[in-house]
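Chains, contacts and geometry: an overview
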Amino acid sequence: NQGYRNAREQEENSGGFCFLTSACVEHAGLPDNCHELTTLRRFRDTYVVRSSEGEAAIREYYRVAPLIITRIHKSERRDAILAGIFDDVRSAVEKIEAGQNETAFAQYRDMVSRLKHELLELGAAP
C-alpha cells in the first residue's frame, strides 16, 4: 500500500538516524544492523503492516518520530530518555521473540504515544 511505501522510502532516505529506535540504538553504540533493529524492522514489515491498525500506526510514527527526536536531542535528559526508549525496544523484541506480537505492537505504539504527549503536546522535554 502507498502509505507504507512512502514511509519506508522516507526511512531509507533518512539513513535511519531520525527515528526513535535507530536513535536509541545508536546512542547505545550498536550498529544499524543490530539484533534489535533487525528484529523490529522485520516485525514492522511482516506483522505490523498487515494488522488492522498497522498502516495508520506506521504513518503516524513516521510523522511524529522525527519531531520527537528533535525534542529529545534538545533535552537536558537526552541520555535518560534514549536509555528508556532502548529499554522499551528490548522489551518489545523479547515479546516478538516469544510470539507475543500483539503485545509487542501495543507496547511500541504506547511508547510512541507517550513520547508524543510528553515531548510534543506538552511542549517541553521532561
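For the structure given in this document, a descriptive report is provided here. Computed from a prediction, not measured in an experiment: that's the story for all the values here.

Quick word on the overall build of the protein
Within the protein, the secondary structure is distributed over six helices and zero strands. Listed by position from the N terminus, the elements making up the protein come as α-α-α-α-α-α. When contacts within the protein are restricted to residue pairs at least 6 apart in sequence, long-range pairs at least 24 apart make up 71% of them. Of the roughly 6900 Å² of accessible surface on the protein, a fraction of 49% belongs to carbon and sulfur atoms.

Re helix H3 (residues 35–46)
Taking 1.5 Å per residue, 12 residues should reach 16 Å; H3 reaches 16 Å between its end C-alpha atoms and fits that length. All of the buried residues along H3 are Glu 36, Leu 37, Thr 39, Leu 40, Phe 43 and Arg 44. Across the axial projection of H3, the buried residues extend over an arc of 165°, all falling on one side.

Examining the packing of helix H2 (residues 20–27) against H3
For the pair H2 and H3, interaxial distance at closest approach is 10 Å and the crossing angle is 170°. Classed by the angle they form, the pair H2 and H3 counts as roughly antiparallel. Here Thr 21, Ser 22 and Val 25 of H2 come into contact with H3, specifically with Glu 36, Leu 37, Leu 40 and Arg 41. When grouped by side-chain class, the residues that make up the contact of H2 with H3 number three nonpolar, two polar and two charged.

Thoughts on the pattern of salt bridges
Where side chains of opposite charge bring their charged atoms close, a pairing between them can arise. All told, the structure shown has 10 salt bridges when counted by the stated rule. As a salt-bridge pair, Glu 55 and Arg 59 come within 2.8 Å of each other at their nearest N and O atoms. Here Arg 59 and Glu 55 lie together in helix H4 (residues 54–74), a separation of four residues that amounts to about one turn. On the basis of relative accessibility, which here comes to 23%, the residue Glu 55 falls in the partly exposed class.

Quick look at the side chain of Glu 36
Tracing the backbone shows Glu 36 in helix H3. Residue Glu 36 is classed as buried on the basis of its relative accessible area of 12%.

Things to note about the state of the cysteines
For the structure on display, the rule yields zero disulfides. Between Cys 24, a cysteine without a disulfide, and Cys 34, which holds the nearest cysteine sulfur, the sulfur-to-sulfur distance is 8.5 Å. The exposure class assigned to Cys 24 is buried, which follows from its relative accessible area of 1%.

Overview of the nonpolar core
Core analysis: the largest hydrophobic core is formed by 33 residues, its most contacted members being Leu 20, Tyr 61, Ile 72, Ile 85, Val 89, Tyr 108 and Leu 115. Listed by contribution, the elements that provide at least two residues to this core are H2, H3, H4, helix H5 (78–97) and helix H6 (101–121). Considering each element in turn, this core owes the most residues, eight residues, to H4. Leaving out residues up to four positions away in the same chain, Ile 85 has contacts with Leu 20, Cys 24, Ile 72, Met 111 and Leu 115.

Cut-offs applied
- Residues numbered from 1 in each chain as written.
- Predicted model: local features only at pLDDT ≥ 70, side-chain atom pairs only at ≥ 80, totals over all residues.
- Heavy atoms only, no water.
- Helix = DSSP H or I, 4+ residues; strand = E, 2+ residues; numbered from the N terminus.
- Contact = heavy atoms within 4.5 Å.
- Areas by Shrake-Rupley, 256 points an atom, 1.4 Å probe, with all protein chains shown as cover.
- Expected span 1.5 Å × (residues − 1).
- Buried < 20%, exposed > 50% of the residue type's maximum accessible area, 1.4 Å probe, protein only.
- Arc of directions from axis to C-beta.
- Axes fitted to C-alpha atoms, helices over the stretch in contact; angles between N-to-C directions.
- Parallel < 35°, antiparallel > 145°, perpendicular 65-115°, else oblique.
- Nonpolar A, V, L, I, M, F, W, Y, C, P; charged D, E, K, R; others polar.
- Salt bridge = Lys/Arg side-chain N within 4 Å of Asp/Glu carboxyl O.
- Disulfide = S-S within 2.5 Å.
- Core = buried A, V, L, I, M, F, W, Y, C linked by side-chain atoms within 4.5 Å.

Everything listed is a geometric property; what it means functionally is a separate question.
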